[in-house]
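What the coordinates show
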Amino acid sequence: MIVRRPAPVLGRLGPFGHPARLTVLGFLAVDLLGALLLMLPISSETAGWTDPVTAIFTATSAVCVTGLVVVDTSTYWTGFGEAVVLGLIQVGGFGIMTAASLLGLLVARRMGLRMQLVAQAETKTLRLGETRRVVIGVVAMSLGIELATAVVLTARRLATTTESFGSALYYGVFHAISAYNNAGFALHEDSLVRHATDPWIIVPITLAFILGGLGFPVVFEVYRAIRNRIGGSRVPGWSLHTKITVLSYFGLAVVGVVVVTALEWTNPGTLGPLSYPGRLLAGAFHGVSPRTAGFNSVDVGALQPTTLLVNDVLMFIGGGSAGTAGGIKVTTFALLAFVVLAEVRGQPTVHVMGRRLAASVQRQAVTVALLGVGMIMLATMVLLWLSALPLDAVLFEVVSAFGTVGLSTGITADLPTAGQLLVAAMMFLGRVGPITLASALALREHERRYELPEERPIVG
């Protein structure tokens, strides 16, 4: 038995408990407030009280920036109701990016690591100045991208319709906020199907949800590198997190675009009726949308079963950490791939791009991924038991909820009440679960005071 000196254990951080717990409670409070507002008669076109299940489902979908709905957004909700939905999307996007960035910075400081986020100096605490810079950075980046996207969408709307400037502006702002926050809410019942071949609508929305899905730390670091290069300053190298996120995100995007376009090229229900340029645009859009934008420019219910399975994988992986995308995150997926590669090569440690991965990080990645798989399998079995729907549609719905994607084959409104509440719970767990779980595991890490004798059971 090996005895070690005791290491300090990270306990409660502040008078309000663990910061990850505060993230969960904060999102839950906003969710309940949004549901109460949506229940009011002023929120619906029926001029009556909205039933609690519909209100809770919609509020959860909005604050968790998912996009799954049980009622059509543009026809069921009034202007006030749509404003509540839009406000929940914005608060949810701001909240998740800010909370994840601050938790990541806090983890780095508590573990004594150097994190190139907003400050290069090594400290042991998260200082007020750093907190302020993170919050300001998230708000400035979010509003800037949303504004640019809204300008393009508004101009396109004015050029192609007879709507008033105010109506076109509302359309542009709504979809810009929804796109950047990877929410997937649209003002059309068919999402973006009517704009499937319009690059002036599809491209700005795609760029917005990609930038939101990469995460604030990555976008900030890339922006800083570009600014320094233009200004002639010395450009520091990208952090390992940024390298892994960029390579994994765009690598999976290429795979998704190629596979989805190839599988659906001749499908008469999706890409088949479009022109060749239209097929390429729609295929590219639907190849990256599951990462987790939630918009669709083709009928999801008409996708090939193989395409649905590919989408399941992409939705489960999701986007970048500290961003508006969901899933287990591309960094988690990449770290697991590096662990597998090292094991296949027979290497005792995992090396990535000139750095050695800590064993604790590897365990955290495995934990987040396996717990995600477990939750999806359990929810799928329960939903199959509650309904008579086919497996591929149910699995797609559950993965979409967990990954906070918002794509659906059209079964959401047909689910029983218990099924809709289960999907709402999966959206909430998928939104705050991976972030809080990863940070909680990192902040609770401590060394054992002793090690037991080693033994190797048979694997495989």
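Residues numbered from 1 in each chain as written. Predicted model: local features only at pLDDT ≥ 70, side-chain atom pairs only at ≥ 80, totals over all residues. Heavy atoms only, no water.

Looking at an unreviewed UniProt entry, the chain carries the name Potassium uptake TrkH family protein, with the source organism given as Nocardia mexicana.

A packed helix pair is summarised by two numbers, namely the angle formed by the two axes and the spacing between the axes. One can describe the packing of helix H7 (residues 199-214) onto helix H10 (residues 276-288) by two numbers: an axis separation of 11 Å at closest approach and a directional angle of 20 degrees. As the angle between them shows, H7 and H10 are arranged roughly parallel. Here the hand of the crossing between H7 and H10 comes out left-handed. Within the contact between the two elements, H7 uses Pro 199, Ile 202, Val 203, Ile 205, Thr 206 and Phe 209 and H10 uses Leu 281, Phe 285 and Val 288. In the contact of H7 with H10, the residues fall into eight nonpolar, one polar and no charged. (Axes fitted to C-alpha atoms, helices over the stretch in contact; angles between N-to-C directions. Helix = DSSP H or I, 4+ residues; strand = E, 2+ residues; numbered from the N terminus. Parallel < 35°, antiparallel > 145°, perpendicular 65-115°, else oblique. Left-handed = near helix turned anticlockwise from the far one by under 90°. Contact = heavy atoms within 4.5 Å. Nonpolar A, V, L, I, M, F, W, Y, C, P; charged D, E, K, R; others polar.)

Looking now at helix H6 (residues 165-180). Helix length check: H6 (16 residues) gives 22 Å between terminal C-alpha atoms against 22 Å at 1.5 Å per residue, within 8%. Among the residues of H6, Ala 168, Tyr 171, Gly 172, Phe 174, His 175, Ala 176, Ile 177, Ser 178, Ala 179 and Tyr 180 are the ones counted as buried. Among the residues trailing H6, Asn 182 stands out with phi positive, at a value near 55 degrees. (Expected span 1.5 Å × (residues − 1). Buried < 20%, exposed > 50% of the residue type's maximum accessible area, 1.4 Å probe, protein only.)

Our next topic: the packing of aromatic side chains. Throughout the structure, instances matching the rule amount to seven aromatic pairs. For the ring pair Phe 216 and Phe 220, a centre distance of 5.5 Å and an interplane angle of 45 degrees mean the geometry is tilted. Of this pair, Phe 216 and Phe 220 are both found in helix H8 (residues 216-231), four residues apart, which corresponds to roughly one turn of the helix. Judged by its relative accessible area of 1%, Phe 216 is buried. Among the residues examined, Phe 220 registers a relative accessible area of 24% and is labelled partly exposed. (Phe/Tyr/Trp six-rings, centres within 6.5 Å; stacked < 30°, edge-to-face > 60°.)

What follows covers the confidence of the model for the chain. Mean pLDDT over the chain stands at 84; residues scoring 70 or higher make up 84%. Across residues 1-17 the pLDDT falls below 50, and counting only partners more than four positions away or on other chains, this stretch makes 25 contacts in the model. Counted against residues more than four places away or in other chains, residues 110-128, with its pLDDT under 50, gives 48 contacts. (pLDDT = per-residue confidence, 0-100.)

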